[in-house]
Amino acid sequence: MEVDHLFICVQPGASEAEALKAFGLTEGTHNRHPGQGTANRRFFFHNAMLELLWLDGSGEAMNERTKPTRLWERCARRGQHVSPFGICFRPKNPVTENAPFPVWRYRPTYLPDALSIEIGDGSPLSEPMWFFLSFGQRPDAYPQDRRQPLSHKVGLREITAVRLSPLSPEDLSLPALAVVRKGCVSPGQVSSFL
C-alpha cells in the first residue's frame, strides 16, 4: 500500500495555494466534486498529489449520500478537535491488495457506478480521514488525457514523508492501527510514504 493523495481542508478558494506557488510548486487543474459539495486546488508530484479541499457552498456535503463522510465537519469545524486532514492510500499491487482496515463504501455521483471510495470505518474526527482507492495510480502513470504538471521550480519530485502530530498510540482507531501495522504510519507521526 502507498499514499495516493493527501487532503487538507481549507477556507473557500484555498488562498493557501498562493503560498505554495510562491514557494515554487506548480499548480495542477482544480475541480469541483458534483454532489459532494467540495472543490479543490491541487499540486501533483510523481508519486502522489496534495489537495487543498473546501466546502463549495452548495450544501451538498450534508446530503444523505455524502454526510457519512463527515467532510462537512472536517471543513467547517477545523480547529475544534477535528482533523482537517485526509490520507488516501492505493494498492501497490491492484490485483492482490485491498484496504487493510475496515471500510464502508462511498459512491459519490462524480465516479462511475462501478467505482467506490473505501473510507475507514470507526475513525474519530480527531484523526485524519483514512481512505483507500483500489483504482488509484501514481500521477506519473496517468493516461495522456489526465496528465498534470509534475515539474516544480523548487525541484521537488515526490512526497517522501508527511508528519502529523500527535497521534496517540493508545487511542488509535482500527483504520489507524492497520496503517501502523502496514508500516505507513508511526504513532505520533505519519511517515515514509514511498
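Our subject in this report is the structure included herewith. (Residues numbered from 1 in each chain as written. Predicted model: local features only at pLDDT ≥ 70, side-chain atom pairs only at ≥ 80, totals over all residues. Heavy atoms only, no water.)

Re the overall build of the protein
Logical step 1: When its secondary structure is counted, the protein shows three helices and 10 strands.
Logical step 2: Going from N to C terminus, the protein has its helices and strands arranged as β-α-β-β-β-α-β-β-β-β-α-β-β.
Logical step 3: Out of the 194 residues belonging to the protein, those deemed buried represent 48%.
Logical step 4: Contacts in the protein between residues far apart in sequence, at least 24 positions, make up 66% of those at least 6 positions apart.
Logical step 5: Accessible surface for the protein amounts to roughly 9700 Å². Of this, 52% is attributable to carbon and sulfur atoms. (Helix = DSSP H or I, 4+ residues; strand = E, 2+ residues; numbered from the N terminus. Buried < 20%, exposed > 50% of the residue type's maximum accessible area, 1.4 Å probe, protein only. Contact = heavy atoms within 4.5 Å. Areas by Shrake-Rupley, 256 points an atom, 1.4 Å probe, with all protein chains shown as cover.)

Some thoughts on a nonpolar patch on the surface
Logical step 1: A cluster of nonpolar side chains, F23, V154 and L156, forms an exposed patch at the surface whose accessible area comes to about 260 Å².
Logical step 2: Structurally, the position occupied by V154 is in the loop between β8 (129-132) and α3 (174-181).
Logical step 3: Taking relative accessible area as the criterion, V154 reaches 33% and is therefore assigned partly exposed. (Patch = residues over 30% accessible without salt bridge, like charges linked within 9 Å, V, L, I, M, F, W, Y side chains within 5 Å. Salt bridge = Lys/Arg side-chain N within 4 Å of Asp/Glu carboxyl O.)

What to know about the sheet that holds strand β5 (residues 85-90)
Logical step 1: A sheet is described by the order of its strands in space; here eight strands give the open sequence β2-β3-β4-β1-β5-β8-β7-β6, paired in mixed fashion. A strand with exactly one partner marks an edge of an open sheet, and here the two such strands are β2 (31-33) and β6 (103-106). For this sheet, the mean angle separating the axes of adjacent strands, direction not counted, is 30°.
Logical step 2: As judged from the four bridges shared by β6 and strand β7 (residues 117-120), these two strands associate in the antiparallel manner. Each residue of the ladder has a partner; that of V103, found in β7, is G120.
Logical step 3: The strands touched by helix α1 (residues 16-23) are β3 (38-44) and β4 (49-55); relative to β3, the strand with the most contacts, the crossing angle is about 10°. (Pairing = 2+ DSSP bridges. Axes fitted to C-alpha atoms, helices over the stretch in contact; angles between N-to-C directions.)

A look at the packing of aromatic side chains
A ring pair, where both rings are aromatic, is described by two values, the distance of the centres and the angle of the planes.
Logical step 1: Summed over all chains, the structure comprises three aromatic pairs.
Logical step 2: Look at F44 and Y142: their rings are 6.2 Å apart centre to centre, the planes differ by 80°, and that puts the pair in the edge-to-face class. Placement of F44 in strand β3 and of Y142 in the loop between β8 and α3 is noted, with a sequence separation of 98 residues between them. The burial state of F44 is the same as that of Y142; both residues are buried.
Logical step 3: Lying across the ring of Y142, R146 places its NZ or CZ 4.1 Å from the centre. (Phe/Tyr/Trp six-rings, centres within 6.5 Å; stacked < 30°, edge-to-face > 60°. Lys NZ or Arg CZ within 6 Å of the ring centre and 35° of its normal.)

Quick word on the nonpolar core
Logical step 1: F43, F89, F101 and W130 are the most contacted members of the largest nonpolar core, which has 25 residues in total.
Logical step 2: Breaking this core down by element, the ones donating at least two residues are β1 (2-9), β3, β4, β5, β8 and α3.
Logical step 3: Of all hydrophobic cores here, the second largest spans 15 residues; its members include L53, L111, I119 and M129. (Core = buried A, V, L, I, M, F, W, Y, C linked by side-chain atoms within 4.5 Å.)

Quick look at the pattern of salt bridges
Any two side chains of opposite charge can pair, given that their charged atoms come close.
Logical step 1: Overall, the coordinates contain 11 salt bridges when judged by the stated rule.
Logical step 2: The salt bridge involving R41 is made with E18; its shortest N-O contact spans 2.7 Å. With R41 in strand β3 and E18 in helix α1, the pair connects residues that are 23 residues apart, well separated along the chain.
Logical step 3: Its relative accessible area of 13% is what places R41 among the buried residues.
Logical step 4: Residue classification places E18 among the partly exposed residues on the basis of a relative accessible area of 39%.
Logical step 5: Between R32 and D56 there is a salt bridge, with its nearest N and O atoms 2.7 Å apart. Here R32 is found in strand β2, whereas its partner D56 is found in the loop between β4 and α2 (71-76), with 24 residues between them in sequence.
Logical step 6: A network of salt bridges, in which partner residues are shared, links E18, K21, E27 and R41.

These figures come from the coordinates and say nothing about function on their own.
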